[in-house]
Amino acid sequence: AVAAAFAGLPATFRHAEPPAETGAPGRPRLVFAVDATASREPAWAAARQATDALFQALPGELDVALAVHGGSRVHIFTGFTGNPATLRDRAAGVACQAGMTRLLPILSASLKRPGVRVVVYIGDVFEENLAQGRRLADAMAANGTRLIVLHDTADPAARRDAELFWDLAKRTGGCVLPFDAAAPGRLRDQLGAVAAYAVGGEALLEARRGDLPGAVALLERLGRDG
């Protein structure tokens, strides 16, 4: 029914999904998802500059796809790559667009790709169907895919959605981390830790807590109930 509903829509309104592929993935995968609606330009600028951090913590051990929503649709969902330059170049060409949030289509598409261990999402508000979000989160948990939200509360209105993001993330076994667009160094530390978690779970974070900035904070958040 969902596919039929989208079949009649112009291409400009359909949600992008990762390219079709064959064969099993050779490495763990992470989806780096970003809310790039009109009010999010400072956050998107920070995210663009930090994409390399996903590859630097464990070089050659993780493949990453970039998913971006704006204009009330997912307009970018790249293939998975282990090349930071490829992701950086694709991110550089994305502009913010006014519209409602569209996290749930990103979660749905991520579930369709094998090997995705973590979806990390930078956003501020949740404007979608919560019941559907909970169903997707439960499916992610069953699939071994964690949702980690970097929640931007620079706008006071975003704080009202903190519990919603915690609900979805904890259902998957993930967590919520604070996001500050004015602290790019902290964002790099957070993404490096998330990348390590995608590759080796909490065991690798524990092993790297002495030399990987962000590992301790992520471990603490993963242990919280909200």
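Predicted model, so just to flag it, every value in this text is computed and none were measured.

Draft legend 1. The arrangement of the overall build of the protein in detail. The number of helices and strands found in the protein is nine helices and six strands. For the protein, buried positions account for 47% of its 226 residues. Within the protein, contacts between residues separated by at least 24 positions form 77% of all contacts whose residues are at least 6 apart in sequence. Here the protein displays about 9800 Å² of accessible surface, and carbon together with sulfur accounts for 52% of that area.

Draft legend 2. View of the packing of aromatic side chains. Taken as a whole and judged by the stated rule, the model has two aromatic pairs. With a centroid separation of 6.3 Å and 50 degrees between ring planes, the pair formed by Tyr121 and Phe165 is classed as tilted. Remark: Phe165 occurs in helix 7 (residues 162-172) and Tyr121 occurs in strand 4 (residues 116-123); sequence separation between them is 44 residues. Since its relative accessible area comes to 0%, Tyr121 is described here as buried. Classification of Phe165 as buried rests on a relative accessible area of 1%. A ring pair is formed by Phe126 and Phe165, whose centres lie 6.2 Å apart and whose planes are at 80 degrees; its orientation type is edge-to-face. Taken as a pair, Phe126 in the loop between strand 4 and helix 6 (130-143) and Phe165 in helix 7 lie far apart in primary sequence, 39 residues in all. Following the ring pairs from residue to residue traces out a cluster consisting of Tyr121, Phe126 and Phe165. We note Arg29 situated over the ring of Phe80; from NZ or CZ to the ring centre the distance is 4.2 Å.

Cut-offs used in this document
Residues numbered from 1 in each chain as written. Predicted model: local features only at pLDDT ≥ 70, side-chain atom pairs only at ≥ 80, totals over all residues. Heavy atoms only, no water. Helix = DSSP H or I, 4+ residues; strand = E, 2+ residues; numbered from the N terminus. Buried < 20%, exposed > 50% of the residue type's maximum accessible area, 1.4 Å probe, protein only. Contact = heavy atoms within 4.5 Å. Areas by Shrake-Rupley, 256 points an atom, 1.4 Å probe, with all protein chains shown as cover. Phe/Tyr/Trp six-rings, centres within 6.5 Å; stacked < 30°, edge-to-face > 60°. Lys NZ or Arg CZ within 6 Å of the ring centre and 35° of its normal.

Note that all results are geometric; they support no functional claim without further evidence.
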